[in-house]
Every structure is written in structure tokens, then in C-alpha cells.
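If you want the building blocks of each chain, they are given just below.
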Amino acid sequence: MVVVKFMKVDGAKGIANNQFSERNIRDTGGRTRMANVEKKIRNLSLHHKKVQGLMHWGNEQTLLNAHVTQPWKKTVGVDGVRKIDYDRNVETNIRTLVDKMKHLQYWPQPVRRVYIPKINGKQRPLGIPSYEDRLVQQAMADVLNNVYEVRFLLCSCGFRPGSGAHDVLRKINREIMFGNVGYVLDADIKGFFDNVDHRWLMKFLEHDIQDKVFLRYIQRFLRAGVLEGTQKVESTLGTPQGGLISPVLANVYLHYVLDVWIEKVVRKKMIGNLHYVRFPDDFLLLFQNETDAKRVMSVLGKWLKKFGLQLAEDQTRILPFGRWRGTKESFDFLGFTFYNTMSRRGKYRLGIRTSKKKLKSKRQMFKAWLRTRLIKPVNETMRLLSLAFRGHCNYYGISGNSKDVSSFHDYMKTRTYLMLKRRSQRTRITREKFNRIWKYYIMSPRIVVDIWSRRLFEELNAGKTHVQFCEGRV
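Residues numbered from 1 in each chain as written. Predicted model: local features only at pLDDT ≥ 70, side-chain atom pairs only at ≥ 80, totals over all residues. Heavy atoms only, no water.

1. As for the overall build of the protein
Stage number 1. The helix and strand inventory of the protein stands at 15 helices and eleven strands.
Stage number 2. Considering the protein as a whole, with its 474 residues, one finds that 47% of them fall into the buried category.
Stage number 3. Counting only contacts in the protein whose residues sit at least 6 apart along the sequence, the fraction spanning at least 24 positions is 73%.
Stage number 4. Entry remark: accessible area of the protein is about 24900 Å², with carbon and sulfur atoms responsible for 50%. (Helix = DSSP H or I, 4+ residues; strand = E, 2+ residues; numbered from the N terminus. Buried < 20%, exposed > 50% of the residue type's maximum accessible area, 1.4 Å probe, protein only. Contact = heavy atoms within 4.5 Å. Areas by Shrake-Rupley, 256 points an atom, 1.4 Å probe, with all protein chains shown as cover.)

Given below as C-alpha cells:
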């Protein structure tokens, strides 16, 4: 047996001896130095079963880098501190913060909870951390991302560098179009981020990380609580709302709950092919055999319940799907609806369009937003509209979805014209003048992302892209 002795990075004994303490901390070293830090952490994670010395990277440089990347207009937390306030004396503030972390005297503040109205009349809770908590969470999230980037499976796609929703769409399109998919397990986890079990999460982290101080600070963030008005509510479940560390913690949790389970246990019992992808708490299972799909569905709810999670029964189903089924069934994933259709030449094609639910929601949100622009300058309103529609095209403007993109464009144009006509009872804007303004500011609807290219399919097959299914016949 070979005994491996874990070594501290650069011989550092702790964050007190970090290499940046005696220099001007405003010199972050640029992207090159940060890239070297990321490379070192990944190498440690790659060559050791458990990683040590992670708090060494919670130093002045990484915290300053987190400060630089924070948006200027972010809503304040319970501390009432904005970035511009913290920036006035940033060197002293960060040195004080590092000193508190070094002596275990740093305690995260409760998250300020606000509610955002939803289209269905309900309210969505949103957490706003204090400013220093954002900095520490950002630094710790960067460390965790680099630790787990070499450990996550390729089927985990959300909140990871080099992966995106469009890559997942290409994979789904390729497998259904050219694979032997016959059944789809459409499942949804109910309130995942609010039901993460802290005990299980810490067990998963301890499996890979041996730095007790680092783990202690993660536990403090989990237990920081929520401030509603003047009342503090203790946190016993879930990840920090609105926290920068929440995405990577969610990925770690589902890596062990779903990814590893499906790869190591479920796949061995399958008769036909199984394709699986997750982004980040939404997952999709594609089966060749109906029996396999039913067997997985029968145990999936019980398995998730063991870790404090629950399937949304009304949104979980098995449906026949693919070129060999020819059904009119459809399912939603990542804001898109997938359905069977035919090309102009009469051949099978996987249709992908904007989900009707998402489209209705976006229209209602846009209509409500226009009501706030009645007395605002027209040029500012049109500039914001241009950014909004460009973002809509960048996500929903995929191959085969031109009809829905054009439909949303026409809706925006009509509603904006009606809003501008209401601005004054004396002067009514003519349609011709409005068309000139609209054409000047707003881009034409277009397809931005190609998911049908054969070259892209070849790259996916060759593994040149990050996103891949956990797949294969066993």
C-alpha cells in the first residue's frame, strides 16, 4: 500500500502566509494569474482523492477579483452596503475580511428575502446576500468549481464552463433524429433548491474535500438563515437563496444523487440504450425500451425521497417518442417544446419550438413592463427593447423555431405601438413614423443558433464539445 501525503500548495501553511499579503492587493495579476490558480486547484483534485488546503485560496487576491466582477447596481442585502461604498476603502476592507476568516471570526449574515410576483398570481422568493457574503461566496464557488470540474460527469451541463443549453439541444436532436430512442421519461423535481438536505450535502463534500475550515464556512452559509422584514428564519433545508455558491452546491448534490446513481447502478440493469442529461436540476432520460423506462420510473421517486427530494407527480410521465413511434406527444425541456413532425421532403424531423407556457409568460411580463414606460423617454425604451429582443433571439432563435421568434417580435411591435399611442391625447404617433423608429432600433427576427449542422453532430460524436450524454448499451 502506498501512503500519499497531501501537500499544501506552494508550501503554504495557511492563508496568513499567502503570497499576496505584502503587496498592493489592487494588482490582481490579470487573467493569467487567475488561470494558474485554477489550474493548480484542478491538478490537486485530479491527483488526490481528497483535496486539502482550499482556504489558502481565500486570500486577498481572489476576494479582490470577486469584488471587481460584482455588478455596480446590485440590490443591497441586510448590511445596506453597495459596491461603490465598499470600493472607497477596498484594500482595508478586504484585509479586515481576510483577517476575520483566518481567525474563524467571519459569520455570514442572513439573506434578505424579497418576493417577485409570478404570472400565475403566486410569488417567487428571492434572496439577496450582504456584500461581503457575495465576495466570500464568489471566491469559494470558484474554488469548488475547479475542484469538481474534473470530477463531474459529462452529462452534467448546467453552470459549467464550456457548456450551454444549446449544446444540450443539439445532443437531444442528434439522439432522437439518428439514434434508437423510442421512449422519453419526462420528470421534474419539486422545489429542488429549497429542499436540499444539509446533512447529505456535507457528506458529499466531505467525500472529496478534507479542508475542515473550508467545509465549516460552507456550513455557516447554509445555516445563515433568511431575514423577512425584521424576523429571522432559520435555514434547515436548501441552498443559500440568491447565493453565488448555490449553483455549484446544487451540482455537487445532484452529481451524487442522480449522475453517479444512473451511471453506476441504473445503467447496469438496462436492456436497451439509455441516454441521460441534466441541466442543472432539470434532467431528461431517453430510452430504447419501454420496460427500462417503467423500471426506472418505479424506483426514481423512492430514490430521490431518500435524499429529501420529491418528484412532481403531475409533471412526471413516460411518453412514446421518436421516429419509430410517430405519435403526436410532446414534452418541454429548457423552455422548448419537442414534438414529432415531418420535413418538406416527407422525412421524419424532431420539431423544437418555444414552449407555449414560456411564450405566454414572456408576453405577459412584456405587457406589464410596457405599462411602466408610459412617461419614459422613447429612445431609452427602444434601446431596452432592442436588448431584450436580442437576448430572446440569442436563446430561442434556433433552427426550426423562426415562426415563434417572429410571432414574439410582432407581438412586441404591436404592443409597443399601442403604448406609444396612449402617451398623448393631442399628438398621435403615425404608423409610418413608428415603423421607422422600430426599424432603426430593433433587429429583424432571425435564427442565431444552428443545431442542425452535420459538422456539429460530428464534433459531438468526436467528443470535441463539452456536453455529452451519459450513454451506451450494457
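Let us keep going from here.
2. Section: the confidence of the model for the protein
Atom-level detail of predicted coordinates should not be read off regions where pLDDT is low.
Stage number 1. Chain-level pLDDT for the protein is 85 on average; 86% of the residues reach the 70-or-more range.
Stage number 2. Every residue in residues 1-25 is under pLDDT 50, and counting partners more than four places away or in other chains gives 39 contacts.
Stage number 3. Note that pLDDT drops below 50 for residues 464-468; the model gives that stretch 23 contacts with residues more than four away or on any other chain. (pLDDT = per-residue confidence, 0-100.)

3. Re the packing of helix α7 (residues 198-208) against helix α8 (residues 212-222)
Stage number 1. One can describe the packing of α7 onto α8 by two numbers: an axis separation of 11 Å at closest approach and a directional angle of 160 degrees. In terms of their interaxial angle, α7 and α8 are classed as roughly antiparallel. Every pair of crossing elements has a handedness; the one defined by α7 and α8 is right-handed. Note on element contacts: α8 touches α7 through L215, I218, Q219 and L222, opposite H198, L201, M202, L205 and E206. (Axes fitted to C-alpha atoms, helices over the stretch in contact; angles between N-to-C directions. Parallel < 35°, antiparallel > 145°, perpendicular 65-115°, else oblique. Left-handed = near helix turned anticlockwise from the far one by under 90°.)

4. Side note on the sheet that holds strand β6 (residues 274-278)
Stage number 1. Spatially, four strands are ordered β6-β7-β3-β8 in an open sheet, and the strand pairing comes out antiparallel. Every interior strand has two partners, whereas the edge strands, β6 and β8 (317-320), have only one. When strand polarity is set aside, the average angle formed by the axes of neighbouring strands in this sheet is 20 degrees.
Stage number 2. In the sheet, β6 pairs with strand β7 (residues 283-287) via five bridges, with the strands oriented antiparallel. Looking at the pairing, Y276 lines up with L285 of β7. (Pairing = 2+ DSSP bridges.)

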